[in-house]
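Structure at a glance
Here is how the chains run, residue by residue.
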Amino acid sequence: MKKFLAVILAALLYLPAFAQSDKDEIVLHNLTWDANAPAGFEELNIVSGGSLLQGFMYKPNGKQKHPTLLLLHGYPGNERNLDLAQIVRAHGWNVIYFDYRGSWASQGEFSFQHCVEDVVNAVAWCKQNSENLRIDTSNIVLFGHSMGAWICLQALKRLPNIKKGFALSTWDIYGEFKGIKTKAEMVAKVKTDGSEPSFVLNKPLEDIFEPVLKNPELFDLKVNAEAFAHKQIIMLDEHHENAPIANTIKTLNTNYFDYEVWQTDHPFTNKRVSLMKKVLEFLDR
């Protein structure tokens, strides 16, 4: 019997399908454990900039090393996309989720640039721990949502050995604050947008966003876009506002670049199954 599911409850098995539509379906089964190396869950403390990032890993069946997806949350990160994590794990991948420095339970000072550094450091940490965590370091992929998508793309520029990134509903930080000239204007805009940093307790709001005012070019995804030339990238949005970024990357990309806009909201509430399938197809490329 076909089942329409949007929430993945436990370890699950994906059966392939294609083409995003309102009638997309996935048939799911409980995962049979490998008796010698069963799938599981492991809490992690990832070292970044002298701080410990709180995180965890969904581990698949098998003693061999597995490809690994790094799941990068947004601002603040209430949508963690853990339904994707479950189904990617069932597809034979490790999935690692962590909170950036200074956010939620992680140590250190939060900043947008620290978030990018945290991803770079997390990849290095994966390489250092590849044996005990069974990580195939030749196949690490980044997936980011909202701010996490901006982080995903910025980190790809700094990670020449990471070839694939999936940017879901990218937050164009540069574009959003373009034209803002003073700190007062910046703070007023952030408060109006409802971006009070309740998930960051050790840094005032104005200090978080002041770097965008002082060094806007650091936040522009079109700067140094040639670094994406040989990457495989998907940008998937619920609006067309990121088209200039997508067009710049597409023009320079010689490998694989896909840009789509779906009729949905920021967390892709009504497209979870379609999103799962698109992610899995991308991982299998």
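Description of the structure in this document. (Residues numbered from 1 in each chain as written. Predicted model: local features only at pLDDT ≥ 70, side-chain atom pairs only at ≥ 80, totals over all residues. Heavy atoms only, no water.)

Empty space within the largest pocket amounts to approximately 220 Å³. Every residue lining the largest pocket is listed: Ser146, Ser169, Thr170, Trp171, Asp172, Gly175, Glu176, Glu238, His239, Glu241, Asn242 and His266. Looking at side-chain class alone, the lining of the largest pocket contains 1 nonpolar, 7 polar and 4 charged residues. (1 Å grid on protein atoms, 1.4 Å probe; cavity = no way out; pocket = protein on both sides within 12 Å on 5 of 7 lines; lining within 4 Å. Points joined across faces, edges and corners; volume = space filled by probe spheres on them. Nonpolar A, V, L, I, M, F, W, Y, C, P; charged D, E, K, R; others polar.)

Now for helix H7 (residues 205–214). Of all the positions in H7, only Leu205, Ile208, Phe209, Glu210 and Val212 are classed as buried. On the buried face of H7, the contacting elements are helix H2 (112–128), helix H5 (173–177) and helix H6 (183–192). (Buried < 20%, exposed > 50% of the residue type's maximum accessible area, 1.4 Å probe, protein only. Helix = DSSP H or I, 4+ residues; strand = E, 2+ residues; numbered from the N terminus. Contact = heavy atoms within 4.5 Å.)

Helix packing for two helices is described by the angle between their axes and how far apart those axes are. At their nearest, the axes of H2 and helix H4 (residues 147–158) sit 9 Å apart, and the two run at 60° to each other. Taken together, the axes of H2 and H4 are oblique relative to one another. Both H2 and H4 take part in a crossing whose hand is right-handed. In this structure, H2 uses Phe112, Gln113, Cys115, Val116, Glu117, Val119 and Val120 to contact H4, whose residues at the interface are Met147, Trp150, Ile151, Gln154, Ala155 and Arg158. (Axes fitted to C-alpha atoms, helices over the stretch in contact; angles between N-to-C directions. Parallel < 35°, antiparallel > 145°, perpendicular 65-115°, else oblique. Left-handed = near helix turned anticlockwise from the far one by under 90°.)

In this structure, Tyr75, Phe112, Leu142 and Phe209 are the most contacted members of the largest nonpolar core, which totals 58 residues. In terms of residue count, the dominant contributor to this core is H2 (9 residues). Ile26, Leu69, Ile87 and Phe282 belong to the second largest nonpolar core, which has 28 residues in total. (Core = buried A, V, L, I, M, F, W, Y, C linked by side-chain atoms within 4.5 Å.)

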